[in-house]
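Coordinate inspection notes
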Amino acid sequence: MADILFTQGPDELKRAPLAPLHRRLEEVSQPAPSTIRLAERPFTTQIGLRAVPDTAAHRSLAETLGVGLPDRVGEVTGDAADVAVLWLGPDEFLVVAPPNRSELVPLLQEALGAEPGQVVDLSANRTIIELGGSSARDVLDKGVPADLHPRVFPTGTAVTTTLGPAAVLLWRAAEENWWILPRVSFAEYTAQWLLDAVREHRLAAPDGVSDAVPDAVADPAPASAPDSREEAPWPATTA
Amino acid sequence: MMLIPCPHCGPRNETEFAYGGQAHVSHPEDPHALDDAAWARYLFYRENPKGLFAERWVHSAGCRRWFNAVRNTVTYEVQSVEPIGPRPPGGRPAESTTSEGGHA
Amino acid sequence: MAVPPPEHPDFLWRNPEPKSSYDVVIVGGGGHGLTTAYYLAAHHGITNVAVVERGWLAGGNMARNTAIIRSNYLWDESAAIYEQSLKLWEQLPEELDYDFLFSQRGVLNLAHTLGDVRESRRRVEANRLNGVDAEWLSPEEVQDVCPIINTGDDIRYPIMGATYQPRAGIAKHDHVAWALARRCDELGVDLIQNCEVTGFLKDGNRVVGVETTQGRIHAGKVGLAAAGHSSQVAEMAGVRLPIQSHPLQALVSELFEPVHPTVVMSNHVHVYVSQAHKGELVLGAGIDQYVGYGQRGGFHVIEDQMAAAVELFPMFGRAHVLRTWGGVVDTTLDASPIISKTPVDQLYVNCGWGTGGFKGTPASGMTFAHTIAHDEPHPLNVPFSLERFETGFLIDEHGAAGVAH
Ligand SMILES: Cc1cc2nc3c(=O)[nH]c(=O)nc-3n(C[C@H](O)[C@H](O)[C@H](O)COP(=O)(O)OP(=O)(O)OC[C@H]3O[C@@H](n4cnc5c(N)ncnc54)[C@H](O)[C@@H]3O)c2cc1C
Ligand SMILES: [Zn+2]
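Residue and element names in this part refer to chain C. Pairing analysis gives four bridges linking strand β17 (residues 338-341) to strand β18 (residues 347-351), with the strands arranged antiparallel. Pairing of Ser-340 across the sheet is with Val-349, part of β18. The antiparallel pairing of β17 with β18 creates a hairpin that spans five residues between the two strands, and Gln-346 there sits at a positive phi of about 65°.

Here you go:
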């Protein structure tokens, strides 16, 4: 059960996938309230489920979670602040819960029992980048092919799609708060893409924010990986 | 850029999909029973119609499910889609229903 | 701009009515149909020949390709036929008495990964063994050949070296077609446009003519050179071909002063670029993934190749796309052509050149003419028969064919 050991490891050894970029994410979000907010929400508990609807496996997983399983594309059950379940495919779902809820894994495995299906701890697979502020949708529209108009993408919708060339899960967790879940190996790329994409919105901010933009934002060149790692050797956020 | 209606996710941009070629080509039940010509047909020969074509797509950057589509290879319009399955999708043109060497 | 195009001749070819019968009818008036007719007449003395073309002459892929010519293919069989083709290119301007701007400015095939490097060096060695001029260049040497290319390590896939074939180059494809058409016409070949083949006349297992939109034409032998439509045409004769037809796109920029001295191709970042004589940058990449006869593809394919081009050539960042277009290319599973007899007597097929048949135009016609004239393949096209899909003797050129060209 190596996967469980991993997410249950000592907190002080955990390293957020985007730790080297936390300072820059914070800088573009200043001063609050800003038209743009970027932050990482690392270490959430994520559990992959597979179960065919209308089977015993599906019913007992839904029951154990207590929030049901979504039954169509875009649908999310539960609560973004607590346990939520995203639809990945007709028989595939992703549980997203606060950090250190990995006790859910054995619970769900037990619920599945010997029925056909799957319960896998995927907590290390994706991180969450939170994009908020009044310009958030404009930023996403630059790189997401899905229609993000509230008519088709109301609060509480989540889909698998692409941001630029990277595959992501995109979740509108609140009216002006979008959660972007890239795989960890694409996380830095996705964050750099966003840092670049938010620039024009930062600079165009009506309240004179642009004057206060720190150097890091004015600099168009993405920080090269080794340098930025030195900047922030240790995660600013731990669970 | 085609807008492809995934049977599970609805219309999405072509960039989210990968192509799988002709649909309904089954693996021969007994490959040893085939002679070289029949094996070549199974491996290398596919329908190449100008017009309606029953083909496979996978929604690789979405639900990751394979499905069948009938698409017009001239206008690129997708006429119908359905989840993967043994049955040729509706509206499939008669002349392209023969899958090569596949059926035992 | 750079080179003023040569004067256009006053007269190219007649527009004859089809006769009721010919010794040989060639289906498809692209480059391959034209060279086939030319070599039938010039090498085999068969001049009672018609080339029947559905649209206008050389309006298919012959008018749409990016005109890259090279012979640095991996396997012996391919090196032999493509090198023969290059040798024919070297003599055709004089032979046809037409300056079609064949320019041997060399081609660089870039390597961006260790795998690329190994594969490229292997290909250089194989080329040399086959008498094909090929060199392996370091990034510095690449810079010497093409100063505008970014050989720095500040890009996602830095250039780790390249193969170089100095005798490779480009030609002006429409002029090539006109040069061939003029000479075919002079030799007595009938070039018949707006004449679509709609069926075949058969006597038992023997083809004896074609049905066309301009009536029935009897023929001693029929050669198919219909490129993207090969499987459509062959099917009318009851012959199935292992071909999938795909859209392949290309584009040009506005005209610039000459800045790009050679041809650069990259399989890995997937783009190729040359600069035509008039001055436009000519760019292309891979096929659109699906079967398609629409002579068009998706814009994202163009967007991707532009991203790759701008990374390799930062100075192109301000160039504009002037025109994009697409053709229908006939691909095989081993990325090699089919020049072959068929199960139907006196019916021959030349297809499967896919994304890279312009360079093959002369040797394709030469070997196909031989096959038709003698009812036996030329030694160079023996390996490129339809039977190879049954014997398993495939000629896998995906590495050398790589980015479409
Ligand atoms: C965008 C693009 C870029 C390319 N770049 C390169 C390159 O850089 N280098 C290279 O080597 N190759 C390149 N190619 C490939 C090359 O163009 C082709 O392999 C080659 O042109 C095919 O031979 P062809 O000239 O005879 O084909 P075509 O010119 O397509 O000739 C076939 C003809 O058959 C006709 N026809 C079809 N059906 C019928 C019918 N029923 N009756 C009568 N006539 C019919 C068509 O109208 C057509 O004119 C490229 C292709 C494309 C599309
Ligand atoms: Zn889908």
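Let's shift gears to the interface of chain B and chain C. Facing 27 residues of chain B, the contacting portion of chain C comprises 28 residues. When the area that chain B buries against chain C is broken down by residue, the three leading residues are Phe-44, Asn-48 and Tyr-76 of chain B, summing to 31%. At the boundary of chain B with chain C, the tally comes to zero salt bridges. Inspection of the chain B/chain C interface yields 16 residue pairs in polar contact (both at pLDDT 80 or more).

Looking now at the coordination of the zinc ion (ligand 2). When a metal carries six donors in an octahedron, the ideal angles between them are 90 or 180 degrees, while four donors in a tetrahedron ideally lie at 109.5 degrees. Residues and elements named next belong to chain B. Here the zinc ion (ligand 2) is held by Cys-6 (SG), Cys-9 (SG), His-59 (ND1) and Cys-63 (SG), and the distances to it run 2.0 to 2.4 Å. Around the zinc ion (ligand 2), the four donor atoms are arranged such that angles at the metal cover 103 to 119°; this shape is classified as tetrahedral. Here the donor residues of the zinc ion (ligand 2) share one chain and are spaced in sequence as C-x2-C-x49-H-x3-C. A residue pair is termed long-range when its members are at least 10 positions apart, and Cys-6 in strand β1 (residues 3-6) and Cys-63 in the loop between β4 (52-58) and β5 (66-72) qualify at 57 residues. On the basis of relative accessibility, which here comes to 4%, the residue Cys-6 falls in the buried class.

Taken as a whole and judged by the stated rule, the model has 27 salt bridges over all chains. Notably, a salt bridge pairs Asp-91 of chain A with Arg-65 of chain B, separated by 2.5 Å at the nearest N-O pair. Note that Asp-91 of chain A is positioned in the loop between β4 (84-89) and β5 (92-97) and Arg-65 of chain B in the loop between β4 and β5, a pairing that runs across two chains. In this structure, Lys-341 of chain C and Asp-375 of chain C form a salt bridge, with 3.7 Å as the shortest nitrogen-oxygen distance. Taken together, the positions of Lys-341 of chain C in strand β17 and Asp-375 of chain C in the loop between α8 (361-374) and α9 (388-391) put the pair 34 residues apart, joining distant regions of the chain. We classify Lys-341 of chain C as partly exposed; its relative accessible area is 32%.

All names here are of chain A. One open sheet accounts for five strands, arranged β3-β4-β5-β2-β6; its pairing is antiparallel. One side of each edge strand has no neighbouring strand; the edge strands of this open sheet are β3 (76-78) and β6 (118-121). With direction set aside, neighbouring strand axes in the sheet form an average angle of 25°. Lying over the sheet, helix α3 (residues 56-65) contacts β2 (45-50), β4, β5 and β6, oriented at roughly 160° with respect to β2. Packed on one face of the sheet, helix α4 (residues 104-112) meets β2, β5 and β6 and runs near 170° to β6.

What follows is about the sheet that holds strand β5 (residues 135-137) of chain C. All names here are of chain C. Reading across from one edge, β5-β6-β4-β13-β14-β15-β12-β16 is the order of the eight strands in this open sheet, with mixed pairing throughout. The sheet is open, and its two borders are formed by β5 and β16 (321-331), each paired with just one other strand. With strand direction ignored, the average angle separating the axes of adjacent strands in the sheet is 20°. Docked against the sheet, helix α7 (residues 299-312) engages β4 (107-111), β12 (244-255), β13 (263-266), β14 (271-275), β15 (280-287) and β16, running at close to 125° with respect to β15.

Quick look at the pairing of strand β2 (residues 10-13) of chain B now. Residues and elements named next belong to chain B. In this structure, β1 lies alongside β2, joined through four bridges in antiparallel fashion. Considered in β2, the bridge of Ile-4 is made with Arg-12. From the end of β1 to the start of β2, which pair antiparallel, there are three residues.

A word on the confidence of the model for chain A. Residues and elements named next belong to chain A. Here chain A shows a mean pLDDT of 85. Residues at 70 or above account for 80%. Confidence drops under pLDDT 50 across residues 1-6; counting only partners more than four residues distant or on other chains, this segment forms six contacts. The model gives residues 208-239 a pLDDT under 50, and that stretch makes 49 contacts with residues more than four places away or in other chains.

Inspection of the entire model under this criterion finds 15 aromatic pairs over all chains. Centre to centre, the rings of Trp-171 of chain A and Trp-179 of chain A are 4.9 Å apart; their planes meet at 70°, and the pair counts as edge-to-face. When its relative accessible area of 5% is taken as the criterion, Trp-179 of chain A is described as buried. Here Trp-89 of chain C and Phe-358 of chain C contribute two aromatic rings whose centre-to-centre distance is 5.1 Å and whose plane-to-plane angle is 45°, an arrangement assigned as tilted. Here Trp-89 of chain C is found in helix α2 (residues 76-95), whereas its partner Phe-358 of chain C is found in the loop between β18 and α8, with 269 residues between them in sequence. A single burial state applies to Trp-89 of chain C and to Phe-358 of chain C, both of which are buried.

Further remarks concern the side chain of Arg-64 of chain C. All names here are of chain C. Within the secondary structure layout, Arg-64 lies in the loop between β2 (49-52) and β3 (68-69). The side chain of Arg-64 sits in the buried core without any salt bridge; Glu-53 is the nearest counter-charge, 9.3 Å away. Ignoring any residue separated from it by four or fewer positions in sequence, one finds Arg-64 in contact with Gly-59, His-173, Gln-295, Trp-325, Gly-326 and Gly-327.

Moving on: the domain arrangement of chain A. Residues and elements named next belong to chain A. Considered domain by domain, chain A is made up of domain 1 (16-42 + 127-203) and domain 2 (44-124). The distance between the C-alpha centroids of domain 1 and domain 2 comes to 24 Å. Each partner contributes to the roughly 1,000 Å² buried at the junction of domain 1 and domain 2, and carbon and sulfur atoms together form 68% of this total. By the criterion of area lost to domain 2, the three top residues of domain 1 are Ala-158, Leu-169 and Trp-171, representing 41% of everything that side buries. At the junction of domain 1 and domain 2, the tally comes to zero salt bridges. In this structure, the connection of domain 1 to domain 2 is made through two residue pairs in polar contact (both at pLDDT 80 or more).

The next point concerns α4 of chain A. Residues and elements named next belong to chain A. Listed in full, the buried residues belonging to α4 are Leu-104, Val-105, Leu-108 and Leu-112. Buried residues of α4, viewed axially, fall in a sector of 100°; they line one side. Positive backbone phi, at 55°, marks Gly-113, one or two positions downstream of α4.

Attention now goes to the interface of chain B and chain A. Between chain B and chain A, the contact holds ten residues from the first and 14 residues from the second. Interface of chain B and chain A: buried area, both sides summed, is about 950 Å²; carbon and sulfur atoms make up 47% of it. Applying the counting rule to chain B against chain A returns three salt bridges. A salt bridge links Glu-92 of chain A to Arg-65 of chain B; the nearest nitrogen and oxygen atoms lie 3.3 Å apart. Summed over the shared surface of chain B and chain A, the number is five residue pairs in polar contact (both at pLDDT 80 or more). Among the residues making up the side of chain B that touches chain A, the classes are represented as three nonpolar, three polar and four charged.

The rules we used
- Residues numbered from 1 in each chain as written.
- Chains lettered and ligands numbered in written order.
- Predicted model: local features only at pLDDT ≥ 70, side-chain atom pairs only at ≥ 80, totals over all residues.
- Heavy atoms only, no water.
- Pairing = 2+ DSSP bridges.
- Helix = DSSP H or I, 4+ residues; strand = E, 2+ residues; numbered from the N terminus.
- Contact = heavy atoms within 4.5 Å.
- Buried area = accessible area lost by both parts, 1.4 Å probe.
- Salt bridge = Lys/Arg side-chain N within 4 Å of Asp/Glu carboxyl O.
- Polar contact = N/O pair within 3.5 Å; in protein donor to acceptor, adjacent residues only side chain to side chain.
- Donors = N, O, S within 2.8 Å, 3.2 Å for Na, K, Ca; no water.
- Tetrahedral: all angles 85-135°; square planar, octahedral: opposite > 155°, others 65-115°.
- Buried < 20%, exposed > 50% of the residue type's maximum accessible area, 1.4 Å probe, protein only.
- Axes fitted to C-alpha atoms, helices over the stretch in contact; angles between N-to-C directions.
- pLDDT = per-residue confidence, 0-100.
- Phe/Tyr/Trp six-rings, centres within 6.5 Å; stacked < 30°, edge-to-face > 60°.
- Lys, Arg positive; Asp, Glu negative; His and termini not counted.
- Domains from an automatic or database assignment.
- Arc of directions from axis to C-beta.
- Nonpolar A, V, L, I, M, F, W, Y, C, P; charged D, E, K, R; others polar.

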